[in-house]
Amino acid sequence: MAFYEGVFFDFDYTLGDATQCIQAGFYGAFEEMGLPRPDGEAVCRAIGMTLEDAYTLLSGDGDVGHRAEFRRCYVRIADPLQVSQTRLSPGAVELLDWLNAEGVRVAVVSTKRHTTILRVFDHYGLSDRLSLCIGGEDIQRPKPDPEGALLALERLNLRREAVLFVGDTLIDAETAHRAGLDFAAVCNGTTPADAFSSVPHVHIAPDLAELQDWLAGQKLANL
């Protein structure tokens, strides 16, 4: 195929690291709900899930009302910290700059609210690097359902075969597969590289710098 016309990224542990504020949100919400503080590493492993599913995984509580209460508590605590405590992943700025210079459309497809992601991008002066941001409030069915990825395809008028989906979890891999998109894993998060070997993928990158090198090689191979 020709070089990709679009690249869709997950956000948390792919382009950015919001561990500090996410953990603060979980710790504070669990305390307010009278629950024991969850293990910090377990919170990190739940990043990428919806807040409700992460709550149930960590608490064992599937009550609908409690899940909704957790979201309210979490957002109130974590939201004011999102911009100041979110760091971009190493190589993110360079990769986004390179993709823009190559004329590749860049989108973020995340379970995180798009308003939060855009605030972070604006904070770092990178808003103009994004063609589109699809967040949890834009869809009815979160990843691994392909709704968000398919919506991005529609809004950017891109063909499935011309788009690469980049993420750090098996949820992202399944999303890409169900949307009919090539998938590249980037191992910035808690999912080890070998976990991706059994799922459809075109590349497994240890970090964003290596992903950029691989994409540059793909471009040269198609000249």
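Residues numbered from 1 in each chain as written. Predicted model: local features only at pLDDT ≥ 70, side-chain atom pairs only at ≥ 80, totals over all residues. Heavy atoms only, no water.

Chemist: Would you take a moment to explain helix α1 (residues 19–32) for this structure?
Modeler: Every α-helical turn comprises 3.6 residues, leaving residues that sit three or four positions apart pointing alike. In this model α1 runs 20 Å from its N-terminal to its C-terminal C-alpha over 14 residues, within 8% of the 20 Å that 1.5 Å per residue would give. Burial of α1 is extensive: ten of the 14 residues sit out of reach of the surface. All of the buried residues along α1 are Thr19, Cys21, Ile22, Gln23, Gly25, Phe26, Tyr27, Gly28, Ala29 and Phe30. Those residues of α1 that are buried are in contact with β2 (16–17), α2 (40–46), α3 (51–59) and α4 (64–78). One or two steps after α1, the chain reaches Gly34, where phi turns positive at roughly 75°. (Helix = DSSP H or I, 4+ residues; strand = E, 2+ residues; numbered from the N terminus. Expected span 1.5 Å × (residues − 1). Buried < 20%, exposed > 50% of the residue type's maximum accessible area, 1.4 Å probe, protein only. Contact = heavy atoms within 4.5 Å.)

Chemist: Looking at this model, I keep getting lost on the pattern of salt bridges. Mind explaining?
Modeler: Pairing between side chains of opposite charge can happen when the charged atoms of each approach one another. A full pass over the atoms with the stated rule returns 16 salt bridges. Here Asp12 and Lys112 are joined by a salt bridge, their closest N and O atoms 3.2 Å apart. Linking Asp12 in the loop between β1 (6–9) and β2 with Lys112 in the loop between β4 (105–109) and α6 (114–123), this pair joins segments that are 100 residues apart in sequence. When sorted by exposure, Asp12 lands in the same class as Lys112, which is buried. Here Glu161 makes a salt bridge to Arg159, at a shortest N to O gap of 3.1 Å. One salt-bridge network, held together by shared partners, links Arg141, Asp145, Glu147 and Arg178. (Salt bridge = Lys/Arg side-chain N within 4 Å of Asp/Glu carboxyl O.)

Chemist: Explanation requested: the nonpolar core in the structure shown.
Modeler: Soluble, globular proteins show a tendency: their nonpolar side chains are buried together. Ranked by size, the top nonpolar core spans 30 residues in total, and within it Phe9, Leu99, Phe121, Leu211 and Leu215 carry the most contacts. When contributions to this core are tallied by element, the ones reaching two or more residues are β1, α5 (92–101), β4, α6, β6 (163–167), β7 (182–186) and α9 (208–221). Tallying contributions element by element places α5 first for this core, with five residues. If we skip the residues at most four places from it in the chain, Leu211 touches Phe9, Leu95, Val166, Ala184, His203 and Ala205. The next biggest cluster of nonpolar side chains, apart from the first, holds 21 residues, and it includes Ala107, Ile134, Ile139 and Val163. (Core = buried A, V, L, I, M, F, W, Y, C linked by side-chain atoms within 4.5 Å.)

Chemist: Even after reading the chapter, I still don't get the packing of aromatic side chains, so can you show me in this structure?
Modeler: Both the distance between ring centres and the angle between the ring planes are used here to describe each pair of aromatic rings. On inspection of all chains with the given rule, the structure shows ten aromatic pairs. Geometrically, the ring pair formed by Phe11 and Phe121 is tilted, given 6.2 Å between the ring centres and 50° between the ring planes. One end of the pair, Phe11, is in the loop between β1 and β2; the other, Phe121, is in helix α6, and 110 residues separate them in sequence. Each ring, one from Phe70 and one from Tyr74, has its centre 6.0 Å from the other, and the planes form 35°; the classification is tilted. In this pair, Phe70 and Tyr74 are both assigned in helix α4, four residues apart and thus about one turn of the helix distant. For Phe70, a relative accessible area of 0% puts it in the buried group. An aromatic cluster of three or more residues is present, and its members are Phe26, Phe30, Tyr55, Phe70 and Tyr74. (Phe/Tyr/Trp six-rings, centres within 6.5 Å; stacked < 30°, edge-to-face > 60°.)

Chemist: Would you explain unusual backbone geometry in this entry?
Modeler: Among all residues save glycine, negative phi is the norm, and among peptide bonds the norm is trans. Here the bond from Lys143 into Pro144 is cis, since omega is 15°, no more than 30 degrees from zero. Position of Pro144 among the secondary structure elements: in the loop between β5 (132–134) and α7 (147–156). The backbone of Asn157 sits at a positive phi, close to 55°, despite the residue not being glycine. For Asn157, a relative accessible area of 70% puts it in the exposed group.

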